Protein chains: 2
Amino acid sequence: MTSPEPSPEAKANASSDAKTNTAPDASSDANTPADLIITRCTALVHDDHEQIDFLEDATIVVRGGRIEAVTTERLDLPATERIDARGRLAMPGLVNCHTHAPMVTLRGIAEDLPVEEWFNDVIWPIESNLTERDVELGARLACAEMIRGGVTCFADHYFSMDTVAAVTAESGMRANLGQAFFSSQGTEGREQSLDFALRHRDTADGRITTSLAPHAPYTVDDADLAATARLAREHGLLVHIHASENRDQAETSLARHGRTPIEILADTGLLDTDVLIAHGTGIIERDLPVLARATGRVGVASAPRGYLKFAWPTTTPVRALRELGISVGLATDGAASNSSLDVWDSMALTALVQKSTGGDPRWLTARQALHHATLQSARAVGLGQEIGSLAPGRRADIILVDLTGPHTQPVHDLAATLVHSARSSDVRTTIVDGRVLMRDRELLTLDVPGVVRELNERMPALIDRSHGRKIQEYDT
Amino acid sequence: MTSPEPSPEAKANASSDAKTNTAPDASSDANTPADLIITRCTALVHDDHEQIDFLEDATIVVRGGRIEAVTTERLDLPATERIDARGRLAMPGLVNCHTHAPMVTLRGIAEDLPVEEWFNDVIWPIESNLTERDVELGARLACAEMIRGGVTCFADHYFSMDTVAAVTAESGMRANLGQAFFSSQGTEGREQSLDFALRHRDTADGRITTSLAPHAPYTVDDADLAATARLAREHGLLVHIHASENRDQAETSLARHGRTPIEILADTGLLDTDVLIAHGTGIIERDLPVLARATGRVGVASAPRGYLKFAWPTTTPVRALRELGISVGLATDGAASNSSLDVWDSMALTALVQKSTGGDPRWLTARQALHHATLQSARAVGLGQEIGSLAPGRRADIILVDLTGPHTQPVHDLAATLVHSARSSDVRTTIVDGRVLMRDRELLTLDVPGVVRELNERMPALIDRSHGRKIQEYDT
C-alpha cells in the first residue's frame, strides 16, 4: 500500500508478471459486458494451502452474481458498472455466524448483569411482547448495521423468521435462517422450524439458506433433538443450536444428566448431521474425542465480546477445535448481549482473547484471524463452496475497505493492519451477489431514520414487563 | 435520544425546569459574543458526587478557551461560531494517558511476538535509526489519528520531544510531554529530561504541560530515580514512568533486588511526588499498602489491548487501585505494540477485561468506564482541575459523537451505548480549548496524505536493522 490516495484515472498497462484466476467458463462471456468490474484494489486471496495472500493492483470481474476473475492483469473489458478502488482493499464479505438480528431492539436494555438475570429478569419477559412488526423493524436495523460493518451474510436463530426472511430479501443480504424452538412448545415448535426451513430454503435468488434451530440442549429434550437430527438428515438441512454456551451449562448438564451438552448432541445424532454450535465456551477436554468422532460437518460460532461482558470464565477453545479440523466462525450473538453486530470487532477480539487465554502471543496470528473470518466462517454456516474467498466461481460477496486513514498507516503487515488497526467503519462499500448494498458508506437498500423513528414509538409497549410473563426460564 | 436526525432549525423556547451550570464570572461577558456555542446536544456531565449524568437538549457556551456554561435553558446569546449538534452527544475529549505517539511509524512491524523479542529484535534496533524528521512525521500522523478518535490530550513519553512539542502546538492538541531517559545515558539523560520539561511547560498557549520521564525501574537505577524525585518536587513536575508493566518484571525485580518495582518507586521517593505509572499489570498484593502510603498524587495508565496482545497473564488491577482512590486513566501505549491510538477502544476493553478477569459482570459498569475516561484520566495526567468534565471553568476540550448510526440505535441506556456500541469513528467533531480541530470528520490542522507519502519514502532507512545496534536491551 504505497499510494494511499485514490485518484480517478486508471492506467491500462498490462503487467508482464500478472496473476490471473479465472472461472473455467469465463472466456465464453468475454464479449458481453461484465456486470461489475472493480479495478486497482489490493485483493485478499487464499493460496492453494488456504494461506492469506494479497494481490496488489488487482481487478475483480463479476458476472451473474459470481466472481469470474481476480487478476493483476489490466483487463480492457466492457462492464455495466465499474468501481475504481485505489487505496481500498477488497476482501470477502464478513459472515456473522450466530446472531439474533431482531434483538438490536433491546441493545443496552440489560447491562452489567449475569446471564441468568439477563435472561429471566429482562430479555425473556420482554420477548413475550414481541410482535411481527418489532421483529421486522429490528431486522431492518440489524441488516443496516451489518451492511455498514462489512457483513454480507448472517446466520440467524430467532422467532418470527418469516419476517426476518422478508427483510433479508429486501436488504439484499445473504443469510442462513432458522426458526428457534423449545420443547416447551410441544412438537409444534419443531414442526414450525421444519416448515420454515423447507419453505424458505434457496429463496431470495438463492441468498437465503435455512437451518433447523432447536434452542439448546437445556431447553430442548433428547427426543426432540433426536427427531431434529433425523429431519436434518432427511431434508439435507443444517442444524443451528446453542450448546455448551458456558462452563456452568456443561457442569450442570454433567450433574443432571451425566453427560455434557456436546455428549447430548452426539447421543441424539446431531453430530452426524451438519451442525453449527453457538459459543461452545463450555466445551471441555472430554468433549474433544466426541467431536473428533462426528460424522457430520461441525462448525462452532464464537462471539468473544459477549463472553467477556458476562464474565464467563472461559472463551471458545479455538485452538483445540482447530486441531480437530473444526471450522470456528466469527459471530456477535444478538446485540442485546453483545451491544453490537460488529464482526470486525469479533475478528480482532478472537485474536486478542486467544493469545491472552492461551498465554501465547504467537497464536492466533492476524493471518489466522483472517482465515477464521473468511473460509472458516463460510464453512461454519454451510456455505463453504459458495462464499468466503475471492475466487472464480464464488458468489460475489465483496467488501472494499479504506486503508488511507491515519489509523491504518503506514502498512508494514497488511494482515495485522486489517485485524488490529482497521475498524468496521473503514468498510466503504459492501457488495452481495454482485449487487452494491452500500456505496461509500451510503446504504442503498434500507432506511435507518424511518426504522428508528417507528421503533422508538413502539418501545414502551415492547419493553413493558408489568405482565409478569416470560417466554422461558433460564435454568440450565 | 428520541429524534436521531439533526435538522438546522432551532427553537427558542426556554424550558421552565432548565438546568444551568455557569461560571462565576460569566454574566460580565453576556453582551460580548461568545467564541463558540454548541446547541441542542445531549451533554455528558458529572453531578456533585461525580456520577455520570446526561442533559438533553443542552447548550454549551465557550469563551476564552474555557466552558462558560452548560445549560438546558435556551440561550439567545451572540456567538462568533455556532454548532447545531442535534443527534450528537457532547462529552469531554478523551485523554490518552500513556503513549509514544511517534511510534505509529512502526505500527504492525513486530506482530505476534513476546515482549522481549518485540523490544530486542525489532523495536529497539529500529529506534536506533530514528531521526527528528521520522519523529515529526510520526507525531503528525499520531495526532491526526487521535483527533479523529476524539482524543484531545495525550501523555507522551519518548525521544526527540522538542519535535513532538512542536507538532503538538501545530496540531492544536493538548499534551503532557516527557523526554524519556535511561541510566545508560549517564546523568545527561536526566538533565535533558529536566531541561525539556522546564523549557516546554505551559507552552502552546498553556496546552503543553511536562513531566520528567525516566523509562522504568529496570532501565533507570535507584540513584537516578531518587534524583528525579528530588527534581520533580523542586520544580513541581509530574513524573511519568513505566513500572511493574507486567508480572515478569515484578518477579524479576523481587528476585534481583528483593523489592517490587512499586517498592523501588517508594524507596526512591517517587511516590512522594505526583507520578503517572504506565501499565502496572504487575502490581501485586504487597504493593497495595505501599501505594496507600504514597503522599504524592499517584495515577496509573492502563492500555488493555496491548496486554492481551502480548499475552500477559494479568491486566491492570483497576478495582484494587480504585479502592485506594488511585485514578486509573485510559491509554493505548504506542501503536507499535497496540496497533492503534484508539482510546475509545481502551474504554470499552477496560470494562470488558475488568468484568472478565474479576469474574463479575457487574464491575466495571459503563458509567464507571466513562468516569475512567473523563475525570480519572484528567487526574492521571495532572490536569484534574482543567479538563475531564463539561463544567464551567474547565478548558473547552469537547467532542461531539454521532448517535444516529444503526449500530447505536435504539438507546435504552446512554452510558452503555457510548461504551459498548459507539466507536471512535462516531466522533464527528473534536474541539480543544474552544478551537475546532476536526469538523464533521474533516481534519483542519494536519495533512495526512502528505505525511504518509513522505513517511513511506523514509521507511527503508528507518526500518533497516543490518547495523546490529539497538538503543537498549530488554532484560528486566
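Residues numbered from 1 in each chain as written. Chains lettered and ligands numbered in written order. Predicted model: local features only at pLDDT ≥ 70, side-chain atom pairs only at ≥ 80, totals over all residues.

(A) Spatial organisation of the environment of isoleucine 241 of chain B. Residue and element names in this part refer to chain B. Examined against the element boundaries, isoleucine 241 turns out to sit in strand E11 (residues 238-243). When the 26 C-beta atoms within 10 Å are taken as the criterion, isoleucine 241 is described as buried. The sequence separation of isoleucine 241 and leucine 225 amounts to 16 residues, and the corresponding C-alpha distance is 10.0 Å. Every residue in contact with isoleucine 241, bar those within four places of it in the chain, is listed here: Pro214, Ala216, Val275, Ile277 and Ala278. (Helix = DSSP H or I, 4+ residues; strand = E, 2+ residues; numbered from the N terminus. Buried ≥ 20, exposed ≤ 12 C-beta atoms within 10 Å, placed from the backbone. Contact = placed C-beta atoms within 7 Å.)

(B) Up close: the nonpolar core. Counting residues in hydrophobic clusters, the biggest one holds 294 residues, and the most contacted among them are Ile60 and Ala90 of chain A together with Ile60 and Ala90 of chain B. With residues up to four places along the chain from it excluded, the contact list for isoleucine 60 of chain B reads Ile38, Cys41, Ala43, Ile67, Val70, Ala90, Leu390 and Ile398 of chain B. (Core = buried A, V, L, I, M, F, W, Y, C linked by C-beta atoms within 7 Å.)

(C) Structural view of the relation of the copies chain B and chain A. You can overlay chain B on chain A at an RMSD of 0.0 Å; the transform is a turn of 180° with a shift of 0.0 Å along its axis. The superposition of one copy onto the other is thereby described by a two-fold rotation axis. Of every C-alpha in chain B, the one belonging to serine 425 of chain B sits nearest the axis of rotation, 3.3 Å from it. (Least-squares fit on C-alpha atoms with pLDDT ≥ 70 in both.)

(D) Broad picture of the packing of helix H2 (residues 132-148) of chain A against helix H15 (residues 448-463) of chain A. All names here are of chain A. Contact pair H2 / H15: the axes reach a minimum separation of 10 Å and the direction vectors enclose 140°. Judged by the inter-axis angle, H2 sits oblique to H15. You can see that H2 and H15 cross each other, and the crossing is left-handed. Contacts from Arg133, Asp134, Leu137, Arg140, Leu141 and Ala144 in H2 reach Val448, Val451, Glu454, Leu455, Arg458 and Leu462 in H15. Looking at the contact of H2 with H15 residue by residue, the classes come out as seven nonpolar, no polar and five charged. (Axes fitted to C-alpha atoms, helices over the stretch in contact; angles between N-to-C directions. Parallel < 35°, antiparallel > 145°, perpendicular 65-115°, else oblique. Left-handed = near helix turned anticlockwise from the far one by under 90°. Nonpolar A, V, L, I, M, F, W, Y, C, P; charged D, E, K, R; others polar.)

(E) Molecular detail of unusual backbone geometry. All names here are of chain A. In this chain, tryptophan 363 is followed by leucine 364 through a cis amide linkage whose omega measures 15°. Its location among the elements puts leucine 364 in the loop between helix H12 (343-358) and helix H13 (366-380). Positive phi is not limited to glycine here, since aspartate 57 has a value of about 55°. The partly exposed category is assigned to aspartate 57, around which 17 C-beta atoms lie within 10 Å.

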